[in-house]
Amino acid sequence: MFDVIVLGGGFSGSITGIAAARSGAKTLVIENGAFFGGSLTSNGVGPMMTFHAGDKQVVQGIADELITRLKEQKKSPGHIFDTTGFTYTVTPFDAEAMKHELELMLVESGGKPLYHAQFVEAVKKDKNIQSIKVYCKGQLLELDAKVFVDATGDAIVAASAGIPLKKGRDSDSKNQPMTLTMRVINVDIEKVKEYARNHPEEFPRYTDMSILDKGDRLSIAGFTKLFDEAKKRGEISIPREDILFFETNNKGEVIMNTTRIIDLDPTDPWDYSEAEFIGRKQCRELEQFLKKYIPGFENSMTISTGPTVGIRSSRQIKGVYTLTLKDLLEKKKFKDTIAHCGYPVDIHSPDGEGTESNKPQWGDTYNIPYSISVTNEIDNLIVSGRAVSATFEAQSAIRTTPTVGAVGHALGIAAALSAANNVSVRDIDIKEVQQKLVEQGAYLDI
């Protein structure tokens, strides 16, 4: 038997697993793919946004340790100025290096990975999950643990265990759009900047184009006129208002975060398959558009998409507490705060064009409580990642990878304490979790 089993080796799940193992728990992290990192490595998402609130770094601990390790290998420039002006910093990285560092950190901490394992069901008795079943290489495995962590992103374990769930916005249950990213090399970044400086009207997000030179890598959103004209000609079918891309750790290589896949349910198998098809269609259109019309992309080459579609939101559990937009805007304090975040409310319209944002005042932080990750129904289940208990609006601000990494660090400690003391995940000593977080280098302002 394991002390802690984490289902899902995405960024939150892998950090949760590392933290649980470092806290003395016999830990297994189960991943249905071949590597850890989730959206950052299997969806091509990047850079990470953001570790900061103003000049203060509010995400530290294990998530930041990973970035330090990558920086030492020249696989990340670290936290650099966000030249889109949307948030404080962005953190580019090399995805291949991240895959290995995350699994290395888990193994060094005493944890164990299990790849190519698809969750099947939770075996429940009363208010506990006794075991989980996974399908791996033609075998159905049944695995026991004292505590289980659902880091699947879609609350798949929670759904199997009968936890109440909610989807999307209140009005119609629609989720934020899905996106298939595209990685492009041989981009002339200086030429891109020159066009932006000479055509500021096509970059309405900017009030000062000089910020394009403030970061060591370029992040940019715009080209609205060229994009709109292509849509009118029928060359682009993407229901989005502008082009958004980010330079990676490798100069001249960018991640296009521009496709927008709407009106599909990311938890429905048929819809999710359809999303992959639509995403690739949009990427093909975008590839041709970039080379034909966008200065700096004349000699570019697309080297990969995804490989899978990225999901911003799907299911949210109904936890002991539900985090709301009001909580964020009022900077509500909680006795069980386990992490902080300075990322804006960021809602990509479920209906198509438009992105709604609500930026905090410079340097303001949100407080994230432990109680959004546990439920009243199950005594030994913790939910880590974007499926925590939060409203549609609040989830949009706390869903990004630095934040779920910070939360995951705390949840790994909590899972280990629950297993060691044989107490419900609701009844752990939250002050002990907070103390251990600080001891392990995390940032807490409580």
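Quick caveat: nothing in here was measured; it's all calculated off a predicted structure. (Residues numbered from 1 in each chain as written. Predicted model: local features only at pLDDT ≥ 70, side-chain atom pairs only at ≥ 80, totals over all residues. Heavy atoms only, no water.)

> I keep staring at the nonpolar core and nothing clicks. Help me out?
Note on soluble globular proteins: their nonpolar side chains tend to be buried together. Ranked by internal contacts, the top residues of the largest apolar core, which has 78 residues, are V4, I338, Y370, I382 and V433. By residue number, the principal contributor to this core is helix α11 (residues 401-421), which donates 10 residues. In this structure, V192, I236, L264 and I311 belong to the second largest nonpolar core, which totals 37 residues. (Core = buried A, V, L, I, M, F, W, Y, C linked by side-chain atoms within 4.5 Å. Buried < 20%, exposed > 50% of the residue type's maximum accessible area, 1.4 Å probe, protein only. Helix = DSSP H or I, 4+ residues; strand = E, 2+ residues; numbered from the N terminus.)

> What am I meant to see in unusual backbone geometry here?
Across residues other than glycine, the phi torsion is negative in most instances, and most of the peptide bonds are trans. Cis geometry marks the peptide bond from G46 to P47; its omega dihedral reads 0°. Relative to the helices and strands, P47 resides in the loop between α2 (39-42) and β3 (52-53). Looking along the chain, the bond that leaves M49 and enters T50 is cis, with omega of -10°. Along the polypeptide, T50 turns up in the loop between α2 and β3. Backbone geometry at K74 places phi at a positive 60°, although glycine is not the residue there.

> Quick question: what am I supposed to make of a nonpolar patch on the surface here?
Residues V120, Y135 and L140 make up a contiguous nonpolar surface patch of roughly 300 Å² in combined accessible area. Structurally, the position occupied by L140 is in strand β10 (residues 139-150). For L140, a relative accessible area of 54% puts it in the exposed group. (Patch = residues over 30% accessible without salt bridge, like charges linked within 9 Å, V, L, I, M, F, W, Y side chains within 5 Å. Areas by Shrake-Rupley, 256 points an atom, 1.4 Å probe, with all protein chains shown as cover. Salt bridge = Lys/Arg side-chain N within 4 Å of Asp/Glu carboxyl O.)

> Looking at this structure, I do not really get the pairing of strand β8 (residues 117-125). What am I missing?
Two faces belong to every sheet, and in a regular strand the side chains alternate between them. Sheet topology places β8 next to strand β9 (residues 128-136); eight bridges connect them, and they run antiparallel. Across the sheet, the residue bridging to F119 is V134, located in β9. From the end of β8 to the start of β9, which pair antiparallel, there are two residues, and D126 there has a positive phi angle of about 55°. (Pairing = 2+ DSSP bridges.)

> Sorry, what's going on with helix α8 (residues 269-293) here?
Each turn of an α-helix holds 3.6 residues, which means side chains three or four residues apart point in the same direction. With 25 residues, α8 ought to run about 36 Å at 1.5 Å a step, and its terminal C-alpha atoms sit 36 Å apart, in line with that. Those residues of α8 lying buried are A275, E276, G279, Q282, C283, E285, L286, F289 and L290. Put simply, D268 is the residue that caps the front of α8, since its side-chain oxygen is 3.0 Å from the backbone nitrogen of W270. (Expected span 1.5 Å × (residues − 1). Polar contact = N/O pair within 3.5 Å; in protein donor to acceptor, adjacent residues only side chain to side chain.)

> Teacher, can you tell me more about the packing of helix α1 (residues 11-22) against helix α4 (residues 95-108) here?
In a pair of packed helices, the angle between the axes and the distance between the axes together describe the arrangement. Close contact between α1 and α4 brings their axes to 8 Å; oriented N to C, the two are set at 20°. In terms of orientation, α1 lies roughly parallel with respect to α4. Crossing geometry of α1 relative to α4 is assigned as left-handed. Note on element contacts: α4 touches α1 through L102, M105 and L106, opposite F11, S14, I15, G17, I18 and R22. Taken together, the residues of the contact of α1 with α4 sort by class into six nonpolar, two polar and one charged. (Axes fitted to C-alpha atoms, helices over the stretch in contact; angles between N-to-C directions. Parallel < 35°, antiparallel > 145°, perpendicular 65-115°, else oblique. Left-handed = near helix turned anticlockwise from the far one by under 90°. Contact = heavy atoms within 4.5 Å. Nonpolar A, V, L, I, M, F, W, Y, C, P; charged D, E, K, R; others polar.)

> Can you help me understand helix α12 (residues 430-439) in this one?
Among all positions of α12, only I430, V433, Q434 and L437 are buried. Along the axis of α12, the buried positions cluster into a sector of 95°, meaning they face one direction only. What points out from α12, more than 90 degrees from its buried face, is the exposed set K431 and E439. Each element contacted by the buried residues of α12 is listed here: β18 (337-341) and α11. Between a side-chain oxygen at the N-terminus of α12 and the backbone nitrogen of K431 the separation is 3.0 Å; the capping residue is D429. Downstream of α12 by one or two residues, G441 has phi in the positive range, about 90°. (Arc of directions from axis to C-beta.)

> I'm lost on the sheet that holds strand β14 (residues 243-247) in this one. Help?
Working definition: the strands of a sheet are paired by backbone hydrogen bonds and lie parallel or antiparallel to each other. Here we have five strands laid out as an open sheet, ordered β13-β14-β15-β12-β16, and antiparallel in their pairing. Every interior strand has two partners, whereas the edge strands, β13 (219-222) and β16 (301-305), have only one. Direction aside, the axes of adjacent strands within the sheet are offset by 25° on average. In this sheet, β16 lies alongside strand β12 (residues 182-185) in antiparallel orientation, the contact comprising four bridges.

> Could you clarify how one ought to interpret the packing of aromatic side chains in this entry?
The geometry of an aromatic ring pair is captured by two quantities: the separation of the ring centres and the angle between the planes. Summed over all chains, the structure comprises 12 aromatic pairs. Judged by centre distance (5.4 Å) and plane angle (80°), the ring pair of F245 and F297 falls under edge-to-face. Taken together, the residues span a long stretch of sequence, with F245 in strand β14 and F297 in the loop between α8 and β16 at a distance of 52 residues. In this pair, the class of F245 matches that of F297, namely buried. Grouping aromatic residues by their ring pairs yields a cluster made of Y195, F203, Y206, F223, F245 and F297. Its end group placed over the ring of F2, K26 keeps NZ or CZ at 5.2 Å from the ring centre. K99 extends its terminal NZ or CZ atom over the ring of F35, reaching a point 3.9 Å from the ring centre. (Phe/Tyr/Trp six-rings, centres within 6.5 Å; stacked < 30°, edge-to-face > 60°. Lys NZ or Arg CZ within 6 Å of the ring centre and 35° of its normal.)

> Can you help me understand the pairing of β9 in this one?
As paired strands, β9 and β10 are joined by six bridges and run antiparallel to one another. The residue bridging Y135 from the neighbouring strand is L140, located in β10. Linking β9 back to β10 in an antiparallel pair, the connection comprises two residues, with K137 at a positive phi of about 50°.

> Help me understand the side chain of S300, please; the structure alone is not making it clear to me.
By secondary structure assignment, the location of S300 is in the loop between α8 and β16. Within the structure, S300 has its side chain in polar contact with the backbone oxygen of F297 (distance 2.7 Å). For S300, the residues in contact, after removing those within four places along its chain, are V184, I185, N186, V187 and K291.

> How do you make sense of the pattern of salt bridges when you look at a structure like this?
Between side chains of opposite charge, pairing is possible as soon as their charged atoms come close. One pass over the full model with this rule turns up 32 salt bridges. A salt bridge links R183 to E253, with the nearest nitrogen and oxygen atoms 3.1 Å apart. Here R183, found in strand β12, pairs with E253, found in the loop between β14 and β15 (254-256); they are 70 residues apart in sequence, far enough to count as distant. Judged by its relative accessible area of 30%, R183 falls in the partly exposed class. When its relative accessible area of 8% is taken as the criterion, E253 is described as buried. A salt bridge links K193 to E190; the nearest nitrogen and oxygen atoms lie 3.7 Å apart. Of this pair, K193 and E190 are both found in helix α6 (residues 189-198), three residues apart, which corresponds to roughly one turn of the helix.

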